[in-house]
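Observations on the model geometry
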Amino acid sequence: MAQTDTDRQPDEPQGPQGLDRHLLRRIITYLMPYKGWVALAFVLVMAAAFLGPLRPRLVQVAIDDYIVAGDLDGLRRMVLILIAVLVGEGVLSFINAYLTQWIGQQAIYDLRTRVYRHIQRQSLRFFDRTPIGRLITRTTSDVESLSDVLSAGVVTILGDLFRIVFIAYFMFSLNWILALVTLAVVPLMLGITMWFKQKVRVQYRETRKQVARLNSFMQEHVTGMTIVQAFNREREEMRRFRAINDDHRAAQIKTIFYFALFWPAVEIISSVALGLVIWIGGLRAMTGTLTLGVLIAFIQYARQFFEPIRNLSDQYNTLQSAMAGAERIFGLLDEDHAIEEAAAPVRIDRLRGAIEFRNVWFTYDDLPADGSEPNWILRDVSFKAEPGTSVAIVGATGAGKTTIINLLLRFYEIQRGQILVDGIDIRQLRLADLRRHIGLVLQDVFLFSGSVEDNITLGDPSITPEQVRAAAASIGADRFIQRLPAAYGQDVRERGASLSHGQRQMLSFVRALVYDPEILVLDEATSSVDTESEHLIQEALEKLMQGRTSLIIAHRLSTIQHADQILVMHRGELRERGTHQQLLALGGLYRKLYELQYKEQERTAA
Amino acid sequence: MGPLARLNPYYRKYKHLFIPGLLCAVVSAVFQITVPIVVRQAVDSIPHFVDLYNLFGGTEVQGYLYAYFFAALLFFGFVIVVLSLLSGLFTFLMRQTLVVASRHIEFDLRNVLYEHLQKLPPAFYHRFSTGDVMTRATSDIEQVRRYVGPALMYVTRAVVVMATAIAVMTIISPTLTLYALIPMPFLAVSVFFVAHMVHSRSDALQQQYSRLTSRVQEALSGIRVLKAYTREEAEAQAFERESAAYRARSLDLALVDAAWRPVFLVLIGLATIIVVWVGGHLVAEGAITIGNIAEYIIYVALMTWPVASIGFVITMVQRASASMARLIEILDAEPSIADGEATDASIQTIQGRITFEHVGFRYEAEGPPVLQDVTFDVPAGSTLAIVGRTGAGKSTLVEMIPRLLDPTEGTVRIDGRDARTIPLQVLRAHIGYVPQEVFLFSDTVAGNIAFGALDASQEAIEQAAREADLLDNIEAFPRGFETYVGERGITLSGGQKQRASIARALIRQPRILILDDALSAVDTRTEATILGHLRRHYGRRTVVIVSHRISAVQDADLILVLDEGRIVERGTHADLLAHDGLYADLYRKQLLEQEIAAL
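Predicted model only: the values in this text are computed from it and were never measured.

1. Details of the overall build of chain B
Regarding its fold elements, chain B presents 21 helices and 10 strands. Here the C-alpha atoms of chain B give a radius of gyration of 37 Å, more than 25% beyond the 25 Å that 2.2 N^0.38 yields for 599 residues. Overall, the C-alpha framework of chain B stretches about 130 × 65 × 50 Å when taken along its three principal axes. Expressed as a percentage of its 599 residues, the buried residues of chain B come to 45%.

This is the structure:
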C-alpha cells in the first residue's frame, strides 16, 4: 500500500535494545514446519525482484531500437513482452504477498495455541500469582507482535535486497558512469532516512507517552466521574485535561514537522538524482556513448531504486518490536509450573469413594528457606469419609474449608501428610483420573458463554442430549430450562447474566450429575434464594448425594442436619467432629457457629 | 455529509490555517508538475545539441559548444532541483498548516467531549460503558481528524495535480493523453473497492480478535471448573477453533491486502506501456518527440498517488461520518442533573438538615422500584445511620443527597428546600461523600486527599489524614505525602484506600458527611478511632453512615433499617433492640461473630 505517512501507527521499539540473534533464531523455528512454502516464497520474491527492474530496460530497447528506428512491428512485439512482464510481476507479487501472510498466520496459529495450552496446564498456584490480564496479553497482543516478522519479515528483506541488486545490475550493464552518478545520491538518501527514522523514533516515544497519558486520564475520569462531580472538581479537572490534551497536541504537531520535512526531502533527493542523470547523461549522449532510451531508463531507475531502501529501514523497526514480544512469550514458555504427574501412575476405572486426609499440613506460600514455620493454612488435619457417606465442613471465614476441597482435587500440592482416595495416595493417580471421579460444584457458579447444554456438558461430545435431559429431569431442573426461550439451546451469556442465582446453582448440579462422579465436592452458596427455589435445590441436592461420597462446605441447615459427619474447622485446625446432635450437645465452637449461621434457617423453614 | 456538517465551525475557526494550507497545496502541485516539462526540454534538446556538435566536428567551435552545452545541461539539471526544492518547500508548508489544523480540531473536539462528559449524570454511565466512551474518545476522534486534515490535503493536491497535468498533457497531445489516462479511473475505483474491502475485513478481524480474547479471559477465569472437570483438552480445542477462525479472518484480509501492490503496479505500468506504444506511433508520425514520452512517463508516475488518494478519501469520509455520528451521540446526551429554572441562585450555603418525603426510585420507568416511600427527617448536626442487606437500596438513598441521582418519586429536601432549587455547585461544595466503592486517582497521596479541597494547605491535608487515621501510614510511606498511588506507585491496602477516601471528604469541612459503607475494610479499632474524631464535630455536621456493623451505627441519633427499598424499622439503637426485629437479630449475630473470632 502506498504511504499514508503521518497516519501510520508507530511500531513499538521497546524492551531489548537491538536484535537478539538467539531470540530471532528461536522465532524462526516456528517457520520450520513450512520451510517448503518459505522456499517457494523466496523463489517468487526473487522472480518479482527481477521482473520489476526489467521493465525500464525493455522500455529502453523499445525506444532505441524501435521508436527511434520507426519499427512499429518491433514496437508491438516489445509492448507485448512488456505487458507480459508487467502482468507477471503483478501476479507474482500478489501470490507472494498472500503466501507470506499464509505462512505467517500458520506459524502464529501454532505459537498461539502452544502458548495457550502451556498456560492452561499450569497449576492453580501459578494462576493465583499471575494476573489473568497478563496471560491474555501473552496469548493475544504479544503473539500478534510477532506476526510481521513471521509473515513478511525475512522474505521481504531478501526481496528488497535482491531488488537493489537487480536494479544496480541493469544500471551498470546499461551505462556504468550514469549508474555511479545515480548511486552517488544513495548515501544522501540513506543519511536522511536514518536521521528521520531516529528523530521519528524519539518523537514516537514521546507521542506514545502523551497518548497513554491522555487515555489513562480519560479512562480514570470516566470511571470516577461520580467523584469528580460530587467533589465539584469539574473546572479543575477540565484544566488538567486541557493541559494533557495540549501536551498531546504539541507532541503530535512535532511529529508532523518531521514528516513534513521527510517526504519533500525524499522527493528533492530523487530530483537531484534526476538532474544529475540529465546533466551527465546529456553530455554522454553528445559524445555518442549514450542513447535517449538509456537516459529515459535511468530516469525510471533513479525513482525505483529508493523504494527498497526505505522498506529495509522499516524492517528494522518491525524486527525490534517483535523482539520485545518474543522475549515475554518465550519467558512464559520456559517456565513450567504444571503439577507433576506420577511416573508410573496407578490406573483406576471405578472408585468406591473412600476419602482420607492423613496429617495434612498445607500453606499457599513457599516454604521459608531458613526452615522456619510458614503461615500454615491447614495444620495436621486428619479425617476419613467412608464410601457413600456425607461429610459437612463448617467454620468461620478463613478457617480453611475451601482449602480442603482444593487439596482433594489436587489443585495444590500438600507439604506434609497424605491424601488418599480408596486408600491410594492421590499423587500416584493421573490428575485426569482423579478429577474425573470427583464432581465439583462451586459456590460462585461459573458459566461459560454458550448454550445451557454446553454449560452442562462442558463440551464433552460423549454426553448425549438425552443424558443431559434425563439428568436435568431427575433433579427437577428441566422445568425452568424448558421455559427458557431456546430451552437447552439458550445462550447463558457471559457469566450467566440471564439466569437467576438459583437457576445457575441448578445448572451446576446437572453438570455434576451428567459426569456421574463417585465423589461429590460441593461449596454451598451462602446467599439466600427464594423459598421455592430453596426447596428445589434442597431436593436436587439430596438426589445428587445419593450413593456418592460427598464433601460439602455447608451453609444449609438441612445439609448439616443430614450429614453423617461434621468437621468443625477453626484457624486451619480440625477442632470438633461428630454429628449435628453430638456437636450441639458438646456446646463448644459448633454450637456458636450454629447459632450464628444456621439457627435462623430453622425459623424460616418452620 | 450529515454528521460531518457539525465540523463546519471548526473550519471557520482555523481558516487562517486552512486557506494558506490549501494555497500551498496548489503551489506545490504546480511546481511539481513543471519538472517533467524541463525533462522533456532537456531530452529533446539533446539530439539538437548532438547534431550541432557533430556539425562542427574537428573545429575549435566544438570545444566552445561543448562548454556551452555543458552549462546548458547543468542548467536543466539545476532547474529540476530548484523546482522540486520549491515544490518541497510548499509541501512542507502545506503539511505544517493542514495537518496541524487537524490536530487543533482534534484538540478542540476532545476538550468539548470531555467537558460534556463531566456534565453527564451517573445514569449516562450506566448506559455507556467506560470502554465504549473510550473508543469514541480515541479511535472515533482519530477517524474524524483524518477526514479533517489529511483527507482534505489529499483531495486538494489530487485535484490540482490532475488538473494541471492533464492540461499540460492535453496541450502536447490530446490523443496520447486520452490513452495514457485510460487506466486512471480504474485505479481510483480499484483503490476505493480494495480500501472498502480492507476496512470491512479488518473490522471482521477485529471482532474475531475480541472473541479470541474473551475466550481466553473466560477460560482462565473459570480455570478451576475446567480443571475439576478435566475439560482442558476440550477447551484447548475450542480455543484452537477460535484461533483458526482468527487465522481465516486474517487471511481474508491478507487476500485483499495482497491486491494493493499489483493494482498500483499493473495499472501504472499499463499507463507507461500505453505511453510507449501509442507514443511510439505518434513519434513515428512526427506528432510528438521522444522527450514527450519521457515527460509522459513522469506524469503518469506523478499522478499515481493523487488518483489513488481519491479512492482512499471516499472511504475516509465514510468512516469519519460514522465516527462523528457516534461522537454526536455523546455530545447530544442531555445533562439531566444540572441547574435549571427552579434553581435559586441566592442560596450560598446549606445548614445540613436532610428531609426525604415519600422518595421512590426506579432506574427504568417500567423497572422494579429500588426505593419506595422513603420518608425521614434529620435535623442539621445529627447523625443518621442506615443498615440493611446488600441490594436493599442504601447506596441509592445516600446518592440522592448530593444529587448524583434525582428521585423518580417524592422530594429530597435540604434545609427544608427542594434539593433541586439549590445550585448544584453550592449543594455539593458542602457535602463530603465517601462512596462504597473507593476510587482514588493516579496521583500522590496528598493530591488525592486535596482532591476534596482545591488549594488546601499542607496542614489541612495532614489534619484530614489524621482524622481519617491515615497519618501514621502515610508517614511510613517511602515518600510520605508525595508517594504515588495506583499503577505507577504503591498499592494501598483496602483499608488504606478507604481512609484516604474518607480524608478526601473530611478536608472539605463539609456540612453533610456521607459514609457509604466506608469503614468495611478497616478493623474495629480503627473504626472506633475515626468515629471518635468525627464525634468532635457533633452538632456542626450532619453525618450519614451506611454500615453493616452495629458498632459503627449504634450511637446514631436515628437508625433506619432498609429492606427491599423500604424502611422497615426506625429508631435509636435502644429502640430497635427493644423492638427485637431485623436490627436486633443483626446485633446478636455480630456479638457471636466476635466471640468466635476471639476463640
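2. Side note on the overall build of chain A
The helix and strand inventory of chain A stands at 22 helices and 10 strands. Computed over the C-alpha atoms, the radius of gyration of chain A is 36 Å, more than 25% above the 25 Å expected from 2.2 N^0.38 for a compact globule of 606 residues. Summarising its shape, the C-alpha atoms of chain A cover approximately 120 × 60 × 60 Å along the three principal directions. Per-residue burial for chain A yields a buried fraction of 44% across its 606 residues.

3. Details of the packing of helix α3 (residues 72-120) of chain A against helix α10 (residues 260-285) of chain B
Interhelical geometry of α3(A) versus α10(B) gives an angle of 175° and a closest axis separation of 9 Å. When the interaxial angle is binned, α3(A) and α10(B) end up roughly antiparallel. Residues Leu72(A), Leu75(A), Val79(A), Leu82(A), Ile83(A), Leu86(A), Val87(A), Glu89(A), Gly90(A), Ser93(A), Phe94(A) and Ala97(A) of α3(A) touch α10(B), and the partners they reach there are Arg261(B), Pro262(B), Leu265(B), Val266(B), Gly269(B), Leu270(B), Ile273(B), Val276(B), Trp277(B), Gly280(B), His281(B) and Ala284(B). Looking at the contact of α3(A) with α10(B) residue by residue, the class counts come to 17 nonpolar, 5 polar and 2 charged.

4. Digging into the interface of chain A and chain B
Between chain A and chain B, the residue contacts involve 117 residues of the former and 117 residues of the latter. Per element, the largest residue contribution to the side of chain A that touches chain B is 31 residues, and it comes from helix α10 (residues 234-286) of chain A. Class assignment of the residues belonging to the side of chain A that touches chain B gives a composition of 69 nonpolar, 27 polar and 21 charged.

5. Quick look at the nonpolar core
With 354 residues, the main nonpolar core has Val277(A), Val510(A) and Val275(B) as its most contacted residues. No other element matches helix α11 (residues 290-331) of chain B, which puts 18 residues into this core. When near neighbours in sequence (up to four residues on either side) are disregarded, Val510(A) contacts Ile456(A), Ala471(A), Ala472(A), Ile475(A) and Ala477(A).

6. Some words on the pairing of strand β1 (residues 355-362) of chain A
Residue and element names in this part refer to chain A. Relative to strand β2 (residues 378-385), β1 runs antiparallel, the two sharing 5 bridges. What sits directly across from glutamate 356, in β2, is lysine 384. In this sheet, strand β4 (residues 416-421) lies alongside β1 in antiparallel orientation, the contact comprising 5 bridges. Bridge pairing in β4 places tryptophan 361 opposite arginine 416.

7. A few points about the domain arrangement of chain B
Residues and elements named next belong to chain B. Domain annotation of chain B identifies domain 1 (1-172 + 313-334), domain 2 (174-287), domain 3 (347-430 + 512-599) and domain 4 (439-509). Computed over C-alpha atoms, the centres of domain 3 and domain 4 are 25 Å apart. Per-element tally for the side of domain 3 that touches domain 4: the top contributor is helix α18 (residues 524-535), with 4 residues. Looking at the side of domain 3 that touches domain 4, its residues break down into 6 nonpolar, 3 polar and no charged.

8. A word on helix α5 (residues 132-145) of chain A
In this model α5(A) runs 19 Å from its N-terminal to its C-terminal C-alpha over 14 residues, within 8% of the 20 Å that 1.5 Å per residue would give. At Arg138(A), α5(A) shows its maximal kink, close to 40°. Of all the positions in α5(A), only Leu135(A), Arg138(A), Thr139(A), Thr140(A), Asp142(A), Val143(A) and Ser145(A) are classed as buried. Structurally, α5(A) contributes buried residues whose contacts are with α3 and α12 (306-334) of chain A together with α7 (183-221) of chain B.

9. Quick notes on the domain arrangement of chain A
The extent of an interface is frequently quoted as the accessible surface area lost upon association of the parts. We note that the domain assignment places domain 1 (15-174 + 318-338), domain 2 (176-289), domain 3 (352-437 + 520-525 + 551-606) and domain 4 (439-516) within chain A. Put simply, the middle of domain 1 of chain A and the middle of domain 2 of chain A, counted by C-alpha atoms, are 25 Å apart.

10. Things to note about the sheet that holds β2(A)
Whenever strands of a sheet pair, they do so through backbone hydrogen bonds, lying parallel or antiparallel. Residue and element names in this part refer to chain A. Sheet architecture is open: 4 strands sit in the order β2-β1-β4-β5, paired in antiparallel fashion. Of all the strands in the sheet, just β2 and β5 (424-425) have a single pairing partner and so form its edges. Sheet contacts for helix α13 (residues 401-408): β1, β2 and β4; angle to β1, the most-contacted strand, approximately 115°.

11. Digging into helix α7 (residues 176-183) of chain A
Residue and element names in this part refer to chain A. For α7, the full list of buried residues reads Leu178, Val181 and Thr182. Down the axis of α7, the smallest arc covering the buried residues is 95°, so these residues share one side. In α7, the exposed positions that point more than 90 degrees away from the buried face belong to Trp176 and Leu180.

12. Looking at the sheet that holds strand β7 (residues 519-523) of chain A
Residue and element names in this part refer to chain A. Spatially, β6-β7-β8-β3-β9-β10 is the arrangement adopted by the 6 strands of the open sheet, whose pairing is mixed. The open sheet terminates on both sides in strands that have one partner only, identified here as β6 (438-441) and β10 (573-578). Ignoring strand direction, the axes of neighbouring strands in this sheet form an average angle of 15°.

13. So, the confidence of the model for chain A
Taken as a whole, chain A shows an average pLDDT of 84; of its residues, 93% reach a score of 70 or greater. This stretch, residues 1-17 of chain A, has a pLDDT under 50; its non-local contacts, to residues over four places away or in other chains, come to 30 contacts.

14. Comments concerning the environment of Ile405(A)
All names here are of chain A. Secondary-structure assignment places isoleucine 405 in helix α13. Its 21 C-beta neighbours within 10 Å are what place isoleucine 405 among the buried residues. The spacing of isoleucine 405 and isoleucine 553 is 148 residues in sequence and 8.5 Å in space, taken between C-alpha atoms. When sequence neighbours within four positions are dropped, the list of residues in contact with isoleucine 405 reads Val521, Asp523, Leu551 and Ile553.

15. Looking at the environment of Met134(B)
One can find Met134(B) in helix α5 (residues 130-172). According to the C-beta neighbour criterion, Met134(B) is partly exposed, with 17 such atoms within 10 Å. With residues near it in sequence (within four places) discarded, Met134(B) still touches Met218(A), Gln219(A) and Val222(A).

16. Focus on the environment of Ala180(B)
Residues and elements named next belong to chain B. Considering the arrangement of structural elements, one finds alanine 180 in helix α6 (residues 174-181). Judged by local crowding, alanine 180 falls into the buried class, with 26 C-beta atoms found within 10 Å. With 93 residues separating them in the primary sequence, alanine 180 and isoleucine 273 have C-alpha atoms 8.7 Å apart. Apart from residues lying up to four places away in sequence, alanine 180 is in contact with Ala271, Ile274, Val275, Tyr296 and Val300.

17. Some thoughts on the packing of α7(A) against α10(A)
All names here are of chain A. Relative orientation of the contacting elements α7 and α10 amounts to 160°, with a least axis distance of 9 Å. Considered as vectors, α7 and α10 are oriented roughly antiparallel to each other. The chirality of how α7 crosses α10 is right-handed. In contact with Ile177, Leu178, Val181 and Thr182 of α7, α10 contributes Ala273, Leu276, Val277, Ile280, Gly281 and Arg284. Here the residues of the contact of α7 with α10 are counted per class, giving 7 nonpolar, 2 polar and 1 charged.

18. Comments concerning unusual backbone geometry
Even without glycine at this site, Asp380(A) takes up a positive phi of about 50°. Counting through the fold element by element, Asp380(A) comes out in strand β2. Phi angles above zero are rare outside glycine, and Thr230(B) is one such case at about 45°. For Thr230(B), the position within the fold is in the loop between α8 (223-228) and α9 (232-257).

Parameters at a glance
- Numbering of residues begins from 1 in every chain and follows the order in which that chain's sequence is written.
- Labels follow written order: the first chain is A, the first ligand is 1, and so on.
- Side-chain atom pairs in this predicted model are given and counted only at pLDDT of 80 or more, local residue features only at pLDDT of at least 70, and totals for whole chains, interfaces and linings cover all residues.
- Helix and strand definitions here come from DSSP, where helices need a minimum of 4 consecutive H or I residues and strands a minimum of 2 consecutive E residues; each element is numbered from the N-terminal end.
- Our radius of gyration is a C-alpha quantity, and the globule rule it is checked against amounts to 2.2 Å times the number of residues to the power 0.38.
- Here a residue counts as buried when 20 or more other C-beta atoms sit within 10 Å of its C-beta, as exposed when there are 12 or fewer, and as partly exposed otherwise, the C-beta atoms being derived from the backbone.
- Axes here refer to lines fitted to C-alpha atoms; in helices the fit is confined to the stretch in contact. Angles between the N-to-C directions go from 0 to 180 degrees.
- Any angle that is under 35 degrees is reported as roughly parallel, and any over 145 degrees as roughly antiparallel; angles of 65 to 115 degrees are reported as roughly perpendicular and all others as oblique.
- Two residues form a contact once the distance between their C-beta atoms, set from the backbone, is within 7 Å.
- Just so you know the grouping, Ala, Val, Leu, Ile, Met, Phe, Trp, Tyr, Cys and Pro go in nonpolar, Asp, Glu, Lys and Arg go in charged, and all remaining residues, Gly too, go in polar.
- For our purposes the nonpolar core covers buried Ala, Val, Leu, Ile, Met, Phe, Trp, Tyr and Cys residues that link as a set through C-beta atoms within 7 Å.
- The criterion for strand pairing is that DSSP finds at least two bridges linking the strands in question.
- For the purposes of this description, domain bounds are those given by an automatic or database domain assignment.
- Given a helix with a known number of residues, its expected span is that number minus one, times 1.5 Å.
- At any given residue, the bend is defined as the angle formed between two axes, one fitted to the seven residues that end at that position and one fitted to the seven that begin there.
- Note that the arc is computed from the directions linking the helix axis to the C-beta atoms.
- Confidence scores labelled pLDDT are given residue by residue by the predictor and lie between 0 and 100.
- Crossings are classed by handedness, with left-handed meaning an anticlockwise turn of the near helix from the far one by less than a right angle and right-handed meaning a clockwise turn.

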